[in-house]
Amino acid sequence: MSARREWPADTTGRVPFWVYSDPEIYRQELDRIWYGPHWLYCALEAEMPAVGDFKTTTLGERPVIVIRSAEDEISVLENRCAHRGVKFCQARSGHAKDLLCPYHQWAYDLNGNLLGVPFRRGVRRQGGMPADFDPAQHGLRRLRVEVVNGVVWASFSAETPSFREYLGEKFWKHYTRVYDGRKLEVLGYNRQHIAANWKLMQENIKDPYHAGLLHVFFVTFGLFRADQKSAVDLDETGRHSVLISCKGEQEVNDVTADMKNFQGDLRLADPRILDVVKEFPGEETVGMITVFPSVILQQQVNSLTTRQIVPTGPVGFDFHWTHWCYADDPPEMRLRRTRQANLFGPAGFVSADDGEVIEMSQQGCAAAPDEAALVVMGGREIAPTDHMVTETAIRGMYRYWREVMGL
Amino acid sequence: MTAFPIAGVDRLAVQALYDAYYGALDDVELEAWPDFFTQACLYRVIPRENFERGYTLSTMQAESRGMLQDRVTGLTRTQMYAPRYYRRFPSPLRIVSSDAEGTRTRHNLLLVQTLIDRPTEIVLSAVCHDLIVEDAGRLRFRERIVVFDSEMIPNSLVYPA
């Protein structure tokens, strides 16, 4: 099908709608992007503190087990028995001495090595595995892993450069601004399914233009607005981006006049949700990093989350939010972060808008695959900017996407 | 097992509170919603996995009637969402205990939504842990903790449970 797919002549200014719904394109994305030379978000290291602690998650469409296999080692193993393909671990998280498939009780150690096969030598000299059966050849598939300042990343590909190189030096700086080596701790989870193509979620966080318009809550209370000091940064390839902004106050001015929904008269009855404290160096209050393709690293005032994208087909993805704090945060800081979580997640004053609107995007785009989106806000260039009236980061992602997809 | 009926609890009055509460929400009388709670209160819609691990992080949280009002303001004046109908199906009530603190109840809740052109679907399957007190001559919630089993919310949770 993709043979018929051609990119529009306006190469950076247009994104054809078939990218969001073509099943063949999606299948190639799994192979080339999700199982290709990219680092995928798995977990926070704090989720598996002791040897044997594990959680399960999904990378691309493949279920994996993220397990602390030794004091200083985390293993990411495909959750698929080497015998008959059973997704044998069904728990969200837990603790294990070894990994056992219930079907025929094949057992693996915490690194995925096959320990034993029942009736390998047969029963009373009948049956059994062939003499050439070598357990060493039948372990669980083990992914490459890097644990970077409290975050567990994995890659299916041997070609992927080191995580730091994958980010590039500029994005290493953005990453370590929040993930600075301090111990992290989980505050809680949110999970939602959004009936839209996974790239629309990436685009949403690469699009500062909408943030100052769609999110009336943000705009009204001065948390993120088009006239505030802000910036968009991209890595060399265009695949990663960060939106940076500095919060202001609630005020009416010439810029709010362009926002039809601006509510200058709105007051909160209990404004503790906006009790924001400065905690990171610099004047920026927002740093939203998209690490291609799997995650959004959110720092919105004092709310810190990882938002993991798990594609479930061309027109859907599961969105897993892990809200976290620093392990040494005092109780009032934990409470502050918990309160501000009302802005985010499936019922977030701000994030619910995004889930809704990208599903609406999907509905419009899927119905007209041969039409195309216009992404020329801020020009056709792909370069960092010092304002948010731009779609440059979306253009950057698609330049990289086309390169990987050979389109 | 708790002995039943619990002395001193007017079951009919408690039931009437729930009838009015769910009636107001199903009829989208959102302005009336905060008044079902005491001034200082705790309202949470929280995933089961958070609740069981002792995490307080919630999908929706309010610690005062004011925050509940702000939730209504957000819903009616700032948020964008596709139009939908919510309907709540509470199970029969179980009165867990009653003491100087108030009356603790538990019941299951199924929250169902219907969007334009779409089949009706379940938003949440939950159990509600509530604490009801007498406040200014009427019954109100001091605590309402809606613990939902649902692993994946179908996109957004728009209206309260």
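No experiment lies behind these values; they were computed from the predicted model shown.

**Points about the interface of chain B and chain A**
Phase 1 of the analysis: The interface of chain B with chain A comprises 35 residues on the first partner and 42 residues on the second.
Phase 2 of the analysis: For the pairing of chain B and chain A, the buried interface totals around 3400 Å² over both sides, and the portion due to carbon and sulfur atoms is 48%.
Phase 3 of the analysis: The largest contributions to the chain B side of the interface with chain A come from B:L57, B:M80 and B:N155, which together make up 21% of the buried area.
Phase 4 of the analysis: Linking chain B with chain A are seven salt bridges, by the criterion used here.
Phase 5 of the analysis: Inspection of the region where chain B meets chain A yields 25 residue pairs in polar contact (both at pLDDT 80 or more).
Phase 6 of the analysis: Those elements that provide at least two residues to the side of chain B that touches chain A are α2 (48-53), β2 (60-64), α3 (65-78) and β8 (153-154) of chain B.
Phase 7 of the analysis: With nine residues, α3(B) is the largest single contributor of residues to the side of chain B that touches chain A.
Phase 8 of the analysis: Here the residues of the side of chain B that touches chain A are counted per class, giving twelve nonpolar, 14 polar and nine charged.
Phase 9 of the analysis: Where strand β12 (residues 184-194) of chain A lies against β8(B), two bridges are found, and the strand directions are parallel. Bridged to A:Q192 within β8(B) is B:I153.

**Looking at a nonpolar patch on the surface**
Residue and element names in this part refer to chain A.
Phase 1 of the analysis: On the surface, a nonpolar cluster with roughly 230 Å² of combined accessible area is contributed by Y209, L213 and V389.
Phase 2 of the analysis: Residue placement: Y209 occurs in helix α5 (residues 208-211).
Phase 3 of the analysis: Residue classification places Y209 among the partly exposed positions, given a relative accessible area of 34%.

**A word on the sheet that holds strand β6 (residues 93-95) of chain A**
Residues and elements named next belong to chain A.
Phase 1 of the analysis: Spatially, β5-β4-β3-β6 is the arrangement adopted by the four strands of the open sheet, whose pairing is antiparallel. If you trace the sheet from one side to the other, it starts and ends with β5 (73-78) and β6, each paired once. Put simply, the sheet's adjacent strands are angled 30° from each other on average, direction ignored.
Phase 2 of the analysis: Two elements, strand β4 (residues 62-70) and β5, share six bridges in a ladder whose sense is antiparallel. Paired with I65 across the bridge in β5 is L77.

**Some points on the packing of aromatic side chains**
Phase 1 of the analysis: Across all of its chains, the model carries 37 aromatic pairs over all chains by this definition.
Phase 2 of the analysis: Taken together, a centroid distance of 5.9 Å and an interplanar angle of 80° make the contact between B:W33 and B:F37 edge-to-face. Here the two residues B:W33 and B:F37 agree in accessibility, since each one is buried.
Phase 3 of the analysis: Through pairs of rings, three or more aromatic residues link up here, namely A:Y41, A:W153, A:F163, A:W172, A:Y175, A:Y179, A:F280, A:W324 and A:Y326.
Phase 4 of the analysis: Above the face of the A:Y35 ring, A:R62 is positioned so that its terminal group lies 4.0 Å from the ring centre.
Phase 5 of the analysis: Note that B:R71 overlies the ring of A:F349, its terminal NZ or CZ placed 4.2 Å from the centroid.

The rules we used
- Residues numbered from 1 in each chain as written.
- Chains lettered and ligands numbered in written order.
- Predicted model: local features only at pLDDT ≥ 70, side-chain atom pairs only at ≥ 80, totals over all residues.
- Heavy atoms only, no water.
- Contact = heavy atoms within 4.5 Å.
- Buried area = accessible area lost by both parts, 1.4 Å probe.
- Salt bridge = Lys/Arg side-chain N within 4 Å of Asp/Glu carboxyl O.
- Polar contact = N/O pair within 3.5 Å; in protein donor to acceptor, adjacent residues only side chain to side chain.
- Helix = DSSP H or I, 4+ residues; strand = E, 2+ residues; numbered from the N terminus.
- Nonpolar A, V, L, I, M, F, W, Y, C, P; charged D, E, K, R; others polar.
- Pairing = 2+ DSSP bridges.
- Patch = residues over 30% accessible without salt bridge, like charges linked within 9 Å, V, L, I, M, F, W, Y side chains within 5 Å.
- Areas by Shrake-Rupley, 256 points an atom, 1.4 Å probe, with all protein chains shown as cover.
- Buried < 20%, exposed > 50% of the residue type's maximum accessible area, 1.4 Å probe, protein only.
- Axes fitted to C-alpha atoms, helices over the stretch in contact; angles between N-to-C directions.
- Phe/Tyr/Trp six-rings, centres within 6.5 Å; stacked < 30°, edge-to-face > 60°.
- Lys NZ or Arg CZ within 6 Å of the ring centre and 35° of its normal.

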